[in-house]
Structures are given as C-alpha cells and as structure tokens.
Amino acid sequence: MKNYISNLGFSLIIIVLLALYFTYINNSTKEESNYEEEITIKTDEKLEDYIIKVVACEMPALYEEEALKAQAIASRTYALYQRDINNVTLTKQDQCFNSEEEMKEKWSSNFNLYYKKIKNAVESTASLVMKIDNKLFKSFYFSTSNGYTEDSMTVFKEGNIKSVSSEWDKENKNFEVKTYFEKQDLIKIIGEFNNISITKRSKTNHVEEVSIDDKTITGIEFRKLLNLRSTDFEINNVNDTYEITTFGYGHGVGMSQFGANMLAKDNKTSEEILKYYYGDIEISKY
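Residues numbered from 1 in each chain as written. Predicted model: local features only at pLDDT ≥ 70, side-chain atom pairs only at ≥ 80, totals over all residues. Heavy atoms only, no water.

K.L.:
How would you sum up the overall build of the chain? Please name residues and give values.
P.N.:
Scanning the chain from N- to C-terminus turns up ten helices and twelve strands. Scored against the burial criterion, the 286 residues of the chain give a buried share of 42%. Contacts spanning at least 24 positions in sequence make up 65% of the contacts within the chain whose residues lie at least 6 apart. Total accessible area on the chain stands at roughly 16,100 Å², and carbon and sulfur atoms take up 49% of it. (Helix = DSSP H or I, 4+ residues; strand = E, 2+ residues; numbered from the N terminus. Buried < 20%, exposed > 50% of the residue type's maximum accessible area, 1.4 Å probe, protein only. Contact = heavy atoms within 4.5 Å. Areas by Shrake-Rupley, 256 points an atom, 1.4 Å probe, with all protein chains shown as cover.)

Dropping the structure here:
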C-alpha cells in the first residue's frame, strides 16, 4: 500500500510538472507568435519588409496608390532617422507596424488584395527617402488636420517643418467629433476646479492655452490629459456635462494622411504630396 501511495504521489508530481512544462511551451509559443514589439533593421531587405508592415498599420489600404507611396517614403525616412539614433532597433513607439497575422485579421478576405497593393507601393519607392540639406530628418505625419498643419517647433520643439493649409481635410467624415465628460470625471483627471476656458489660440486655430481657474496649461497638455483627438477643440459646459468638440485627428505636424489621399485623388504624385507637406526637401536614394 505504501508503495502504491508513493508511486501515486510520484505520478501526480510528474503530471503536474508535465502540465507546467506544456503551459510554459504554449505561452512561449504565444509570445513568439505574438506581434513583434520591435524590429532590428540590418539589411535593405529587412528595412523594406518593415516599411510594408508600417504602411499597413499607419495608412488605410483603401487610400490611393500615390498616397501609399508618399507614406512609404515618409515612413522610410522616419525609420532610418530613428535607426541611426537607436542603433538599428525600431519599436512600435517609433511607428506602428502590423505583422502578417494582424493584417490578415484586419483585412480578412481582402488580405491578398491589400497586401499586394501596399507591397507594390513600397517596392516602387524602394530606397527613396527625404532629406533637408542632404540630411535625413524626423518626418512626422498624422491622420487629419483641422485645415492647417502645425509647425514642428510649436508641437515638438524640434525640426523645421512649417505649417501649410490642408483645407480638404475638412471633408473627412470624422473631421468633427464630440466627446462628453461629467465634471466629477474631469476632477479625477485635472483636480478640483470651478471653470475651464480656452484663453489663447494660434493662427491655425489650434488651442495654445487653457485656463483652469487661475492655472494655465497648454492646449497640448490639455489634449494629452483628456486624450483628445487634436488641439483644435471647443469646450461647452451644460449642467456640469462638458461637451468637447475636436476638429481633425493627430498632432498636426508634417503630412496629413487624409490630405495626402485627397491630393492623390487630384492626380498629385507622391513627390508632389511630400513636397507640399514637408516643404523644401530632396527625394533621393538613401
């Protein structure tokens, strides 16, 4: 009987160990097949594969071919600029990118069509980058402007990207979005207050200053605190329910992706699109 119990106990231990082992293997496999959080770029081939993943994530596959090509060049420029800083490793903090599994999940039955479309846009611009004074630069881009893009110095305190008109962005069906906050929810985020008001706007209508009672913060800080879509917003308070209406989507610097697509629909080339949004640039092989 003792031997039986001993053998039974030993068998149970083996079963538990095997279960733990297979759980570990399963989790490890999941982690390995999980969508990468970083990519190491050491070869041109690896770079172009990465750019396909970035364009797939950053711009709708339904957009025009010339817009996708402009995105590919902007993303390649940004990637190589960041790579030089980060010693060949790029993360999703630099630019978002989709694995093939994510593309299949997102595009479903259209995967082959959209993948080929984006791959063609990347391959047709292979090795092309933008430079200013023969140097790569941080080629910021975003979704949709409020009608004007922003100066990079205003938003990021770096670079030399200037504001331009992008009026066609107002045609985006999601150009104007309303978000509602109850006062008690705002208090949890910004602390006790009696009044919130916009006290200063830029020449491009982006909010520069917000007053919260006797305290003043920037429109950029306010946007980050409330996770607003842009820094062009209006605040309306009705019975302690704050309606905040935003116009456009994104930080506003560099190329407007929606604007790029509208220009492409107007028969503008990727080069014309990029020169419109980034100014006096050179496009050449890196």
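Continuing now.
K.L.:
Residues and numbers for the nonpolar core, please.
P.N.:
The biggest cluster of nonpolar side chains holds 51 residues, and the ones touching the most others in it are Tyr50, Trp107, Ile118, Met255, Leu274 and Tyr278. Secondary-structure elements contributing two or more residues to this core are α2 (44-58), α3 (65-86), α4 (100-107), α5 (111-123), β3 (128-131), α9 (257-265) and α10 (270-278). The greatest single-element share of this core, amounting to nine residues, is contributed by α3. The residues touching Tyr50, leaving out its near neighbours within four places in the chain, are Ile39, Ile41, Ala79, Leu90, Gln95 and Phe97. Phe181, Leu186, Ile190 and Val207 belong to the second largest nonpolar core, which has 15 residues in total. (Core = buried A, V, L, I, M, F, W, Y, C linked by side-chain atoms within 4.5 Å.)

K.L.:
Residue-level account of the packing of aromatic side chains, with values.
P.N.:
With the rule as written, the count across this model stands at twelve aromatic pairs. Seen from their ring centres, Trp107 and Tyr114 are 5.7 Å apart, and the 80° between their planes marks the pair as edge-to-face. Using a relative accessible area of 8% as the deciding quantity, one classes Trp107 as buried. Through pairs of rings, three or more aromatic residues link up here, namely Trp107, Phe111, Tyr114 and Tyr115. Seen from the ring of Phe193, Lys183 lies directly overhead, with NZ or CZ sitting 5.1 Å from the centre. (Phe/Tyr/Trp six-rings, centres within 6.5 Å; stacked < 30°, edge-to-face > 60°. Lys NZ or Arg CZ within 6 Å of the ring centre and 35° of its normal.)

K.L.:
I'd like a rundown of the layout of surface pockets, residues and numbers included.
P.N.:
Roughly 740 Å³ of volume is contained in the largest pocket. Elements represented by at least two residues in the lining of the largest pocket include exactly β4 (141-142), α6 (152-156), α8 (219-226) and α9. When residues of the lining of the largest pocket are assigned to their parent elements, the largest contribution, three residues, is made by α8. By volume, the second largest pocket amounts to about 170 Å³. What lines the second largest pocket is Glu150, Thr154, Val155, Lys157, Ser202, His206, Val207, Glu208, Thr218, Gly219, Ile220 and Thr231. For the lining of the second largest pocket, the secondary structure elements donating two or more residues are α6, β7 (207-212) and α8. (1 Å grid on protein atoms, 1.4 Å probe; cavity = no way out; pocket = protein on both sides within 12 Å on 5 of 7 lines; lining within 4 Å. Points joined across faces, edges and corners; volume = space filled by probe spheres on them.)

K.L.:
Kindly report on α5, identifying the contributing residues and their values.
P.N.:
For α5, with 13 residues, the first-to-last C-alpha span of 18 Å sits near the 18 Å given by 1.5 Å per residue. Within α5 the residues assigned to the buried category are Phe111, Tyr114, Tyr115, Ile118, Ala121 and Val122. Around the axis of α5, the buried residues are gathered within 130° of arc, so they sit on the same side. α5 presents Asn112, Leu113 and Lys116 as exposed residues on the side facing more than 90 degrees away from its buried surface. The inward-facing, buried residues of α5 abut α2, α3 and α4. (Expected span 1.5 Å × (residues − 1). Arc of directions from axis to C-beta.)

K.L.:
Explain the sheet that holds strand β10 (residues 241-247) to me, using residue names and the numbers behind them.
P.N.:
Judged by pairing direction, the sheet is antiparallel, and its three strands sit side by side in the order β5-β10-β9 without closing on themselves. Either end of the sheet is taken by a strand with one partner, and the two such strands are β5 (176-182) and β9 (233-238). Strand-to-strand, the axes of this sheet are offset by a mean angle of 20°, without reference to chain direction. Alignment of β5 against β10, held across seven bridges, turns out to be antiparallel. Each residue of the ladder has a partner; that of Thr179, found in β10, is Ile244. Sheet strands touched by helix α7 (residues 183-190): β5 and β10. Its angle to β5, the strand with the most contacts, is close to 90°. This element, α8, spans β5, β9 and β10 of the sheet and lies at about 60° to β9. (Pairing = 2+ DSSP bridges. Axes fitted to C-alpha atoms, helices over the stretch in contact; angles between N-to-C directions.)

K.L.:
Break down the environment of Lys203 for me, citing the residues and quoting the values.
P.N.:
Mapped onto the elements, Lys203 comes out in the loop between β6 (196-201) and β7. Between the C-alpha atoms of Lys203 and Glu150, which are 53 residues apart in sequence, the distance is 9.9 Å.

K.L.:
Please set out the sheet that holds β6 residue by residue, giving values where relevant.
P.N.:
Strand order in the open sheet formed by three strands is β6-β7-β8, and the pairing between neighbours is antiparallel. The strands lining the two open edges of the sheet, one partner per strand, are β6 and β8 (215-218). The average undirected angle you get between the axes of adjacent strands in this sheet is 30°. Strand direction decides the pairing type here: β7 and β8, joined by four bridges, are antiparallel.

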